[in-house]
Amino acid sequence: MINAIYPGSFDPVTNGHLDVIKRSAGLVDRLIVGVLNNNAKSPLFSVDERVKILQEVTKDLKNVEVKSFSGLLVDFAKENDVHVIIRGLRAVTDFEYELAMAQTNRVINPEVETFFMATSLKYAYLSSSTVKEVAKFGGKLDDLVPPYVIPLIREKYKK
Ligand code: ADP
């Protein structure tokens, strides 16, 4: 049995995230999408909203579960009996940060390994902050996020 966690902020979930979720769910027995409850950032969506959105967009993937966590990722992994962390890599700009984090996590808990999934080329440019920037100015979101998320983002920027 391979249990894995795909952690992130998912504020909001993008088609790039969903692509990593679908591809990794096909490789492992159980995939937990871990939504980080990060007090330091002021998110567009609350952690509960992000969990609900992810549950909706992954509802057809039977081995995917969505949970929020705060604190250390390796502790969340331990609590869920998970030894595999999955992170997505878009470009070299992601690499330095991701490598340092993976190495730190291994120092803290050597039983947890990080695997990197290369982004699909068509999503290599895509990030949650790009989506927010486009949404702020009323740009088209159709190719960036799942259809379910579009009206929810629009609602946030109406206020
Ligand atoms: P964090 O705030 O932890 O970086 P994100 O929600 O931005 O969380 O991203 C979660 C993970 O998904 C990270 O590993 C990130 O590199 C990866 N990711 C983000 N966008 C894409 C994309 N377009 N393609 C592949 N991986 C991505």
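Our structure is the block above this text.
Considerations on the overall build of the protein chain
Then step 1. What the protein chain contains, in helices and strands, is six helices and five strands.
Then step 2. Helices and strands in the protein chain line up, N terminus first, as β-α-β-α-β-α-β-α-β-α-α.
Then step 3. In terms of C-alpha radius of gyration, the protein chain reaches 15 Å, essentially the compact-globule figure of 15 Å for 159 residues.
Then step 4. Across its three principal axes, the protein chain shows a C-alpha extent of roughly 45 × 30 × 30 Å.
Then step 5. For the protein chain, the residues scored as buried account for 45% of the 159 residues in total.
Then step 6. Split by element, the accessible area of the protein chain, about 8,900 Å² in all, is 55% carbon and sulfur.
Then step 7. Of the side-chain charges in the protein chain, 21 are positive and 20 negative, and the distance between the mean point of each set is 5 Å.

Let's talk about the pattern of salt bridges
Then step 1. In this structure the tally under the stated criterion is twelve salt bridges.
Then step 2. In this structure, the salt-bridge partner of Glu65 is Lys67, at a minimum N-O distance of 3.8 Å.
Then step 3. A relative accessible area of 29% means that Glu65 is categorised as partly exposed.

A short note on helix α6 (residues 149-158)
Then step 1. All of the buried residues in α6 are Val149, Ile150 and Ile153. The arc enclosing the buried residues of α6, seen along the axis, measures out at 100°, which places them on a common side.
Then step 2. Where α6 is buried, its residues contact α2 (47-57) and α5 (128-136).

Observations concerning the side chain of Asp94
Then step 1. Here Asp94 lies in helix α4 (residues 92-108).
Then step 2. In contact with Asp94, other than residues within four places in its own chain, are Gly88 and Leu89.

Digging into the pairing of strand β2 (residues 30-36)
Then step 1. Most of β2 sits inside the fold, with five of its seven residues counted as buried.
Then step 2. Since strand β1 (residues 3-8) and β2 lie parallel, the crossover through helix α1 (residues 15-25) that links them has a hand, and here it is right-handed.
Then step 3. In the sheet, β2 pairs with strand β3 (residues 64-69) via six bridges, with the strands oriented parallel. Paired with Leu36 across the strands is Phe69, a residue of β3.

What to know about unusual backbone geometry
Then step 1. Here Asp11 and Pro12 are connected by a cis peptide whose omega angle stands at 0°.
Then step 2. With respect to the helices and strands, the residue Pro12 is situated in the loop between β1 and α1.
Then step 3. Here the phi dihedral of Phe10 falls at roughly 50°; this positive angle occurs in a residue that is not glycine.
Then step 4. Relative to the helices and strands, Phe10 resides in the loop between β1 and α1.
Then step 5. For Phe10, a relative accessible area of 3% gives the class buried.
Then step 6. Backbone geometry places Asp81, a non-glycine residue, at a positive phi of 55°.
Then step 7. Tracing the sequence through the fold places Asp81 in the loop between α3 (73-79) and β4 (84-89).

Here we look at the packing of α5 against α6
Then step 1. The geometry of α5 relative to α6 is characterised by a closest axis approach of 10 Å and an angle of 60° between their N-to-C directions. Taken together, the axis directions place α5 and α6 in an arrangement best described as oblique. Viewed along their axes, α5 and α6 form a crossing whose handedness is right-handed. Of α6, the residues touching α5 (which contributes Val131, Lys132, Ala135 and Lys136) are Ile153, Arg154 and Tyr157.

Calculation criteria
- Residues numbered from 1 in each chain as written.
- Predicted model: local features only at pLDDT ≥ 70, side-chain atom pairs only at ≥ 80, totals over all residues.
- Heavy atoms only, no water.
- Helix = DSSP H or I, 4+ residues; strand = E, 2+ residues; numbered from the N terminus.
- Rg over C-alpha atoms; globule rule 2.2 N^0.38 Å.
- Buried < 20%, exposed > 50% of the residue type's maximum accessible area, 1.4 Å probe, protein only.
- Areas by Shrake-Rupley, 256 points an atom, 1.4 Å probe, with all protein chains shown as cover.
- Lys, Arg positive; Asp, Glu negative; His and termini not counted.
- Charge placed at Lys NZ, Arg CZ, Asp CG, Glu CD.
- Salt bridge = Lys/Arg side-chain N within 4 Å of Asp/Glu carboxyl O.
- Arc of directions from axis to C-beta.
- Contact = heavy atoms within 4.5 Å.
- Right-handed = clockwise from strand over helix to strand, strands pointing away.
- Pairing = 2+ DSSP bridges.
- Axes fitted to C-alpha atoms, helices over the stretch in contact; angles between N-to-C directions.
- Parallel < 35°, antiparallel > 145°, perpendicular 65-115°, else oblique.
- Left-handed = near helix turned anticlockwise from the far one by under 90°.

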